[in-house]
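Given next are the chains, with one letter for each unit.
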There are 2 protein chains.
Amino acid sequence: MRRVQLGVEYDGSNFAGLQVQAKGERTVQGVLEAALAKIPGAVPKITAAGRTDAGVHALEMSLHYDTEDTIPVERVPLALNALLPPDVRVRWARPRPMDFDARKSARWRAYRYRLLLRPEPSALLSRYALWVPHRLDLDALREGLGHFLGEHDFAAFANQEARPTRRRILYAVLRLEGEEAWIELVGTGFVRGQVRVMVGTLLEVAQKKRPPEDIPRLLAGKNRAEAGPTAPPQGLYFVAAGYRPWPAGR
Amino acid sequence: MRRVQLGVEYDGSNFAGLQVQAKGERTVQGVLEAALAKIPGAVPKITAAGRTDAGVHALEMSLHYDTEDTIPVERVPLALNALLPPDVRVRWARPRPMDFDARKSARWRAYRYRLLLRPEPSALLSRYALWVPHRLDLDALREGLGHFLGEHDFAAFANQEARPTRRRILYAVLRLEGEEAWIELVGTGFVRGQVRVMVGTLLEVAQKKRPPEDIPRLLAGKNRAEAGPTAPPQGLYFVAAGYRPWPAGR
């Protein structure tokens, strides 16, 4: 048995999220495991670096599976892409030691949230960015974002079922890209709902509904009810996960 | 009766093109005229600056319609967007004199063709850019592109039914955008199929299947059979059309 890591891009628009649900809805995990089931020797079971909700996209979701197939690892993307629907594409495959774990070995995860800042809605981006027609104070948003840096208890920004809630944000920046603003976040890990509640709260800051200084107050208070709403899924992208260099990469 | 010009963005993925077809397929014109038919006083008939094929997108298609409704022109985008499907969005509306014609008055039209240059396919961009996995000689492409500038007979680059075929290219440039290369073209007008055959031929130049000097030879020869293939629709965008300044704008 050998372990293979994949970098997978997907369009979350027509998925009920990454993870297999109880009800048999269409999930990224479901279509990936269905593709693996068609490769003799492969174990049709994936472990991913992160979870994404329905409508959330991934540029390079990191995951692993085990297999006894004889496909050379550099041919794996081609083999799997022939078995996958077009809204899921394997970008690369790498051999990994059996104690590598795409979830547990991940040292950091990066997310991006795309805001479309213009008065009129977009036909092309309605599933790929959050349309924000009102004027935003981007300096206030930047200031709020800075307060998230470092290690905090994110209980106020987590869906209730998530425990424990202590996490470290390594990098947080606002990038302007044409008509868009991208909130880029890198952390050692994120609790469920965290990115979307962080963005929902930052949007309230950017709309002057609350001051940037609310962020440290919310972190200290640990009360989800006091933070902002969960931002819609369509602007969110899982960008990548990071690991220690291979062969040490585990 | 008054005339209104619209700037319309659409995602061409689920349309059989802009123009109403014989068979009653889903077209951009069809959904726009169906929306206008719901506005009392509006004539449910549009005239557009250009035609786009099935799968081709528009950032700002320019079109006009006539109406006796009483909606203030600045409220027209909101009113129409409430009646349109999400893959068609009105970006702006402007009052125009009755002798303004979105097609006949257009002084220039701009198109963009997006090439995704990377070894692996994309899940998010499969309908929004042409994936080119092989290595391209972008300098050769640029050189070929330069040969299109100015006034030429584009018979070799036109679908057979298109006559006459004399057109002027005002601007042509290759822009690099991250993993993508964008071919930007502005011309006084384009004959049917012209942009896609130009791009198909330029891709042969960029793949060293023919030299850049083939472009002037093809223009002089006027033989469609000697030019390259029609590039796929999904990378193509109608960017905008230009008019003389209003109120002279007609």
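The rules behind each value
- Just so you know, the residues in each chain are numbered from 1, in the order the chain's sequence is written.
- Here the convention is simple: chains get letters from A, ligands get numbers from 1, in the order in which they are written.
- Under the rules for a predicted model, residues below a pLDDT of 70 receive no local features and side-chain atom pairs below 80 are neither given nor counted, while totals for whole chains, interfaces and linings still include all residues.
- Here a strand is any run of E in DSSP of at least two residues, a helix any run of H or I of at least four, and the numbering for each starts at the N terminus.
- Using C-alpha atoms as the atom set, the radius of gyration is obtained and then compared with a globule rule of 2.2 Å times the number of residues to the power 0.38.
- Here, residue contact means that the backbone-derived C-beta atoms of the two residues sit within 7 Å.
- Put simply, Ala, Val, Leu, Ile, Met, Phe, Trp, Tyr, Cys and Pro go in the nonpolar bin, Asp, Glu, Lys and Arg in the charged bin, and everything else, Gly too, in the polar bin.
- Neighbour counting defines burial: a residue surrounded by 20 or more other C-beta atoms within 10 Å of its own C-beta is buried, one with 12 or fewer is exposed, and intermediate counts give partly exposed, using backbone-placed C-beta atoms.
- Here, the arc refers to the directions that run from the helix axis to the C-beta atoms.
- The atoms used to superpose the copies are C-alpha atoms, taken from residues with pLDDT of at least 70 in both, and the fit is least squares.
- Note on pairing: two strands pair once DSSP finds at least 2 bridges between them.
- Here, a nonpolar core denotes buried Ala, Val, Leu, Ile, Met, Phe, Trp, Tyr and Cys residues that are linked to one another through C-beta atoms within 7 Å.
- Between N-to-C directions, angles cover 0 to 180 degrees, with each direction set by a line fitted to C-alpha atoms, over the stretch in contact for helices.
- Any angle that is under 35 degrees is reported as roughly parallel, and any over 145 degrees as roughly antiparallel; angles of 65 to 115 degrees are reported as roughly perpendicular and all others as oblique.
- By definition, any crossing whose near helix is turned counterclockwise from its far helix by less than a right angle is left-handed, and any crossing with a clockwise turn is right-handed.
- Boundaries of every domain are those given by an automatic assignment or by a domain database.

**With respect to the overall build of chain A**
Then, in step 1: Along chain A, the regular secondary structure elements total five helices and ten strands.
Then, in step 2: Computed over C-alpha atoms, the radius of gyration of chain A comes to 19 Å, within 12% of the 18 Å expected from 2.2 N^0.38 for 250 residues, which places it in the range of a compact globule.
Then, in step 3: Its C-alpha atoms give chain A principal-axis dimensions of roughly 60 × 40 × 35 Å.

**Description of the interface of chain A and chain B**
Then, in step 1: In this assembly, 18 residues from chain A lie in contact with 18 residues from chain B.
Then, in step 2: If you list the elements that add at least two residues to the side of chain A that touches chain B, you get β1 (2-10), α2 (76-81) and β4 (88-96) of chain A.
Then, in step 3: When grouped by side-chain class, the residues that make up the side of chain A that touches chain B number eight nonpolar, four polar and six charged.

**Points about the environment of Gly144 of chain A**
Residues and elements named next belong to chain A.
Then, in step 1: Relative to the elements of secondary structure, Gly144 occurs in helix α3 (residues 138-146).
Then, in step 2: Taking the C-alpha atoms as reference, Gly144 lies 9.7 Å from Leu203; in sequence the two are 59 residues apart.
Then, in step 3: Discounting chain neighbours no more than four positions away, the residues touching Gly144 are Leu202, Val205, Pro212 and Ile215.

**Let's talk about the environment of Asp69 of chain B**
Residue and element names in this part refer to chain B.
Then, in step 1: Counting through the fold element by element, Asp69 comes out in the loop between β3 (57-67) and α2 (76-81).
Then, in step 2: Asp69 gets classed as partly exposed once you count the C-beta atoms within 10 Å, which come to 15.
Then, in step 3: In this structure the C-alpha to C-alpha distance between Asp69 and Val43, which are 26 residues apart in sequence, comes to 9.4 Å.
Then, in step 4: Not counting residues within four places of it along the chain, the set of residues in contact with Asp69 comprises Ile39, Pro40, Gly41 and Ala42.

**Brief notes about α3 of chain A**
Residues and elements named next belong to chain A.
Then, in step 1: Listed in full, the buried residues belonging to α3 are Leu141, Gly144 and Leu145. With its buried residues spanning 100° around the axis, α3 presents them on a single face.
Then, in step 2: Those residues of α3 that are buried are in contact with β8 (166-177), β9 (180-187), α4 (194-206) and α5 (214-221).

**Comments concerning the relation of the copies chain A and chain B**
Then, in step 1: Superposing chain A onto chain B requires a rotation of 180° together with a translation of 0.0 Å along the rotation axis, leaving an RMSD of 0.0 Å. Such values leave the two copies arranged in the relation of a two-fold axis.
Then, in step 2: Comparing interface residues between copies, 100% of those in chain A also sit at the interface in chain B, which points to an isologous, same-surface contact.

**With respect to the pairing of strand β5 (residues 108-116) of chain A**
Residue and element names in this part refer to chain A.
Then, in step 1: Pairing of β5 with strand β10 (residues 236-242), which is carried by six bridges, proceeds in the antiparallel orientation. Of the residues in β10, the one forming a bridge with Arg112 is Tyr237.
Then, in step 2: Note: β5 against strand β6 (residues 130-131), two bridges, orientation parallel. Looking across to β6, one finds that Leu116 is bridged to Trp131.

**Here we look at the environment of Trp182 of chain A**
Then, in step 1: For Trp182 of chain A, the position within the fold is in strand β9.
Then, in step 2: Leave out the neighbours within four places in its chain, and Trp182 of chain A touches Arg112, Tyr113, Arg114, Arg175 and Glu177 of chain A.

**Notes on the nonpolar core**
Then, in step 1: Core analysis: the largest hydrophobic core is formed by 136 residues, its most contacted members being Leu202 of chain A together with Leu202 of chain B.
Then, in step 2: Discounting chain neighbours no more than four positions away, the residues touching Leu202 of chain B are Leu141, Gly144, Leu145 and Ile183 of chain B.

**Regarding the packing of helix α3 (residues 138-146) of chain B against helix α4 (residues 194-206) of chain B**
Describing two packed helices takes the angle between their axes plus the distance from one axis to the other.
Residues and elements named next belong to chain B.
Then, in step 1: For the pair α3 and α4, the least separation of the axes is 8 Å and the interaxial angle reads 140°. In terms of orientation, α3 and α4 fall into the oblique class. Read as a crossing pair, α3 and α4 show a hand that is right-handed. Contact residues: Leu138, Ala140, Leu141, Gly144 and Leu145 in α3; Leu202, Val205 and Ala206 in α4.

**Some remarks on the domain arrangement of chain A**
Residues and elements named next belong to chain A.
Then, in step 1: Segmentation of chain A into domains returns domain 1 (2-105) and domain 2 (108-239).
Then, in step 2: Between domain 1 and domain 2, the contact holds 14 residues from the first and nine residues from the second.
Then, in step 3: A class-by-class count of the residues in the side of domain 1 that touches domain 2 yields six nonpolar, five polar and three charged.

**Quick word on unusual backbone geometry**
All names here are of chain B.
Then, in step 1: Here Lys208, not a glycine, exhibits a phi torsion of approximately 65°, which is positive.
Then, in step 2: Its place among the elements puts Lys208 in the loop between α4 and α5 (214-221).
Then, in step 3: Judged by local crowding, Lys208 falls into the exposed class, with 11 C-beta atoms found within 10 Å.
Then, in step 4: Phi angles above zero are rare outside glycine, and Lys222 is one such case at about 60°.
Then, in step 5: What makes Lys222 partly exposed here is the crowd of 16 C-beta atoms within 10 Å.

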